Amino acid sequence: MLSFLTLICLFSAIAFPTLMLCIVYPFSRKAALFWSNYITVHTDRVVFAILRYYRHFNYLPDKKSMRGLPGQFLVISNHQSLLDIVLYLRYFGGLRTRFVAKDSLEMVPMVGKMLKSQQHCMIPRKGAPSVAMRELEKFGNRVVERNQIPVIFPEGTRSRDGNLSAFYAAGFRRLEETIRLPVVVCAIDGGWRLSHIRTIMQNLKRGAYRVKVLKVYPAPRSKEEEKHILEESRTLIQGQLDAWRALPAGSLEI
């Protein structure tokens, strides 16, 4: 019964703004941006509130680790679920946060239109690598000009089992060489349990979605520094995942 109520509440929370975004998207960029921003500002809070109330699924952000962050920075993080987008929108503040994502997300009605209308970076899955690099460069120029916070997932795709995959350097390097911003390393965990439709309600029960800032690096000045940041950040993230997974089931520690 609670699973059914959870689904009904989630659908009610996202149905109307999603419908409005889909209706206005082909006709008005301004209206599409309005509904995209509405979803960004309001829907993430409602979604996590519903999950906590009905399924005791907790959003556990480490706010203390955010102290002293620079005014603008690049986030690199592991990647587990589409809901990682919702997680970071809430953690860093939705109207400033922008993602590097695959253009295949354009097929997801709410997510795709929201990302496009807010001018996130949509990397083409097919085509020459030079096309992706140009998109990253244009994206970098936009976020610097608009004082936004770019987020990139160096794994390049979601981890369906929560295990950390290899980090790819090309996208991170091109973006960082364009923006020249400090690099903030973050770890997240819990999203991979929500990526399987058949077991999502079971995995939600008394689960948790954690996020934490692990380290802040000054803007790298060379390819060697970029390489060091990427390699060390993967080690830091793996260490944090191991620490979280050693906690007792149902723990609310962050």
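Notes on the structure in this doc start here. (Residues numbered from 1 in each chain as written. Predicted model: local features only at pLDDT ≥ 70, side-chain atom pairs only at ≥ 80, totals over all residues. Heavy atoms only, no water.)

**With respect to the packing of helix H5 (residues 129-146) against helix H6 (residues 170-179)**
Then step 1. Contact geometry for H5 and H6: axes closest at 8 Å, N-to-C directions at 40 degrees. With respect to H6, the element H5 is oriented oblique. Note on packing geometry: the crossing formed by H5 with H6 is right-handed. Side by side, H5 and H6 meet where Met133, Leu136, Glu137, Phe139, Gly140, Asn141, Val143 and Val144 of the first sit next to Ala170, Gly171, Arg174, Leu175, Thr178 and Ile179 of the second.
Then step 2. The class makeup of the residues in the contact of H5 with H6 is eight nonpolar, four polar and two charged. (Axes fitted to C-alpha atoms, helices over the stretch in contact; angles between N-to-C directions. Helix = DSSP H or I, 4+ residues; strand = E, 2+ residues; numbered from the N terminus. Parallel < 35°, antiparallel > 145°, perpendicular 65-115°, else oblique. Left-handed = near helix turned anticlockwise from the far one by under 90°. Contact = heavy atoms within 4.5 Å. Nonpolar A, V, L, I, M, F, W, Y, C, P; charged D, E, K, R; others polar.)

**What about the pairing of strand S2 (residues 74-77)?**
Then step 1. Side chains of S2 alternate between two faces, with Leu74 and Ile76 and Val75 and Ser77 buried alike.
Then step 2. Strand direction decides the pairing type here: S2 and strand S5 (residues 149-152), joined by two bridges, are parallel. When the sheet's bridge partners are listed, Val75 is paired in S5 with Val151. (Buried < 20%, exposed > 50% of the residue type's maximum accessible area, 1.4 Å probe, protein only. Pairing = 2+ DSSP bridges.)

**Remarks on the packing of aromatic side chains**
Then step 1. Summed over all chains, the structure comprises 10 aromatic pairs.
Then step 2. Taking 5.8 Å as the distance between ring centres and 10 degrees as the angle between the ring planes, the aromatic pair formed by Tyr88 and Phe92 counts as stacked. Of this pair, Tyr88 and Phe92 both sit in helix H3 (residues 83-92), four residues apart, which is roughly one turn of that helix. For the pair Tyr88 and Phe92, one class covers both residues: buried.
Then step 3. Measuring from centroid to centroid gives 4.9 Å for Tyr91 and Phe92, while their planes differ by 65 degrees, and the two rings are edge-to-face.
Then step 4. With relative accessibility at 3%, the residue Tyr91 sits in the buried group.
Then step 5. A relative accessible area of 11% places Phe92 in the buried class.
Then step 6. Taken together, Phe73, Tyr88, Tyr91, Phe92, Phe99 and Phe153 form an aromatic cluster joined through their ring pairs. (Phe/Tyr/Trp six-rings, centres within 6.5 Å; stacked < 30°, edge-to-face > 60°.)

**Remarks on unusual backbone geometry**
Glycine aside, a negative phi is what most residues show, and trans is what most peptide bonds show.
Then step 1. Positive phi is not limited to glycine here, since Gln119 has a value of about 60 degrees.
Then step 2. Checked against the element boundaries, Gln119 lands in the loop between helix H4 (109-117) and strand S4 (121-123).
Then step 3. Taking relative accessible area as the criterion, Gln119 reaches 23% and is therefore assigned partly exposed.
Then step 4. Of note in the backbone geometry, Asn147 takes a positive phi value of approximately 55 degrees without being a glycine.

**So, H6**
Then step 1. Residues Gly171, Phe172, Leu175, Glu176, Thr178 and Ile179 constitute the buried set of H6. Along the axis of H6, the buried positions cluster into a sector of 160 degrees, meaning they face one direction only.
Then step 2. Those residues of H6 that are buried lie in contact with S2, strand S3 (97-102), H5, S5, strand S6 (183-189) and helix H8 (223-245).
Then step 3. A positive phi of about 50 degrees marks Arg180, the residue just after H6. (Arc of directions from axis to C-beta.)

**Some thoughts on the nonpolar core**
Then step 1. Ile85, Tyr88, Tyr91, Phe92 and Leu115 are the most contacted members of the largest nonpolar core, which has 40 residues in total.
Then step 2. For this core, the secondary structure elements donating two or more residues are helix H1 (2-24), helix H2 (29-55), H3, S3, H4, S5, S6 and strand S7 (208-217).
Then step 3. What Ile85 contacts, discounting residues up to four positions off in sequence, is Phe99, Leu105, Val111, Met114 and Leu115. (Core = buried A, V, L, I, M, F, W, Y, C linked by side-chain atoms within 4.5 Å.)

**Some thoughts on the side chain of Gln148**
Then step 1. Mapped onto the elements of the fold, Gln148 is located in the loop between H5 and S5.
Then step 2. Exposure remark for Gln148: the relative accessible area of 7% places this residue in the buried category.
Then step 3. Those residues in contact with Gln148 that lie beyond four places of it in its chain are Gln72, Arg96, Arg98, Arg142 and Val143.

**Description of the pattern of salt bridges**
Then step 1. Under the criterion given, the structure shown has eight salt bridges.
Then step 2. A salt bridge links Arg173 to Glu226, with the nearest nitrogen and oxygen atoms 3.8 Å apart. Separated by 53 residues along the polypeptide, Arg173 in helix H6 and Glu226 in helix H8 bring together distant segments of the chain.
Then step 3. We note a salt bridge from Glu225 to Arg221, for which the minimum N-O separation is 3.3 Å.
Then step 4. Judged by relative accessible area, which is 28%, Glu225 ranks as partly exposed.
Then step 5. Residue Arg221 is classed as exposed on the basis of its relative accessible area of 71%. (Salt bridge = Lys/Arg side-chain N within 4 Å of Asp/Glu carboxyl O.)

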